[in-house]
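Structural overview for review
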Amino acid sequence: MVANRHGTALRAAVALTRRGIDVRSKGRLTLLGDAAHAMLPHLGQGMNQAIEDAAALAMLLDGAGRDDVPTALTAYEALRRDRTARVQHASRLDGTSYDSSGARLQDHSWIYDYDVAADAAARS
Ligand SMILES: Cc1cc2nc3c(=O)[nH]c(=O)nc-3n(C[C@H](O)[C@H](O)[C@H](O)COP(=O)(O)OP(=O)(O)OC[C@H]3O[C@@H](n4cnc5c(N)ncnc54)[C@H](O)[C@@H]3O)c2cc1C
């Protein structure tokens, strides 16, 4: 049994695996990885999504001056929000789909064939 205080924290953490956090950037600060979009483990994508975040940030911030950073971070949020939300959702779905037949397992090619560099290049 989880005590109330810890139960509240646990519920908040579980909620973050559903949709991430709404605003990831403020001024010249931003979040990436689990802090931005914690997810359930069923697709083994937590670290992979953090790496995609980092690649996107590296490309969008390349050559940016101090004053350009907030705009680049807005582009980063726009680039990463739907992708990470979709992986969060797919991971949750896969968690409900494991059975001996595997009949409900999803096609994962959209995860593994994705090219974050091409997507970031299109926005930089
Ligand atoms: C058992 C297990 C298996 C996994 N397998 C996979 C897998 O196969 N594939 C995959 O893609 N992902 C996997 N993951 C998920 C992956 O490990 C995480 O998604 C990834 O580590 C997130 O990286 P991050 O940098 O966002 O956070 P973290 O790796 O958690 O890094 C955060 C860092 O911040 C530090 N920190 C925290 N608070 C403070 C503070 N106040 N001051 C300073 N430092 C602080 C922490 O010590 C930590 O070093 C697995 C996770 C687990 C637990």
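Residues numbered from 1 in each chain as written. Predicted model: local features only at pLDDT ≥ 70, side-chain atom pairs only at ≥ 80, totals over all residues.

**Here's the deal with the overall build of the protein**
The test is simple: Strands are runs of DSSP state E lasting at least 2 residues, helices are runs of H or I lasting at least 4, and numbering of each runs from the N terminus. Exposure is read from a count of other C-beta atoms within 10 Å of each residue's own; the residue is exposed at 12 or fewer, buried at 20 or more and partly exposed in between. C-beta atoms are placed from the backbone. What counts as a contact is two residues whose backbone-derived C-beta atoms lie within 7 Å of each other.
What the protein contains, in helices and strands, is 6 helices and 2 strands. Element order for the protein, N to C, with α for helix and β for strand: α-β-β-α-α-α-α-α. Along the three orthogonal principal directions, the C-alpha set of the protein runs to about 50 × 40 × 15 Å. Split into buried and exposed, the 124 residues of the protein put 21% on the buried side. Pairs at least 24 apart in sequence give 62% of the contacts found in the protein among residues at least 6 apart.

**Describing the packing of helix α3 (residues 46-61) against helix α6 (residues 116-123)**
Inclusion rule: Here the axes come from fitting lines to C-alpha atoms, over the contacting stretch only for helices, and the angles between their N-to-C directions go from 0 to 180 degrees. An angle counts as roughly parallel when it lies under 35 degrees, as roughly antiparallel when it exceeds 145, as roughly perpendicular when it falls between 65 and 115, and as oblique in every other case. Helix crossings get a hand from a simple test, with the near helix turned counterclockwise from the far one by less than a right angle marking a left-handed crossing and a clockwise turn marking a right-handed one.
α6 packs onto α3 with a crossing angle of 30 degrees between their chain directions and a minimal axis gap of 9 Å. When the axis of α3 is compared with that of α6, the two are roughly parallel. For the element pair α3 and α6, the recorded crossing hand is right-handed. Every residue of α6 that contacts α3 at Glu-52, Ala-55, Ala-56, Met-59 and Leu-60 is listed here: Val-116, Ala-117, Ala-120, Ala-121 and Arg-123.

**Focus: the environment of Ala-55**
In this structure, Ala-55 sits in helix α3. Counting along the chain gives 61 residues from Ala-55 to Val-116, while the straight-line C-alpha distance between them is 7.1 Å. In contact with Ala-55, not counting residues within four places along its chain, are Val-116, Ala-117 and Ala-120.

**Some points on the nonpolar core**
We apply this condition: Only buried Ala, Val, Leu, Ile, Met, Phe, Trp, Tyr and Cys residues enter a nonpolar core, and they are joined through C-beta atoms within 7 Å.
Among the nonpolar cores identified, the biggest contains 9 residues, and these are Ala-56, Met-59, Leu-60, Ala-72, Leu-73, Tyr-76, Leu-79, Val-116 and Ala-120. Within the residue set of this core, elements represented by two or more residues are α3, α4 (69-95) and α6. The dominant element in this core, judged by the number of residues it contributes, is α4, at 4 residues. With residues near it in sequence (within four places) discarded, Leu-79 still touches Ala-56, Asp-119, Ala-120 and Arg-123.

**Notes on the site of the ligand**
This is how it is decided: For each residue, a C-beta atom is placed from the backbone, and the residue counts as near a molecule or strand when that atom lies within 6 Å of it.
Lining the immediate environment of the ligand, one finds Gly-33, Asp-34, Ala-35, Pro-41, Gly-44, Gln-45, Gly-46, Met-47, Asn-48 and Ala-50. Elements with a contribution of two residues or more to the shell around the ligand: α2 (34-37) and α3. Take the shell around the ligand: its biggest share by element is 4 residues, from α3.

**Quick look at the environment of Val-23**
Looking at the secondary structure, you find Val-23 in the loop between α1 (4-19) and β1 (25-26). In this structure Val-23 comes out as exposed when scored by C-beta crowding, with 8 C-beta atoms within 10 Å. As for Val-23 and Glu-77, which are separated by 54 residues in sequence, their C-alpha atoms are 8.2 Å apart.

Keep in mind these numbers describe shape, not what the thing actually does.
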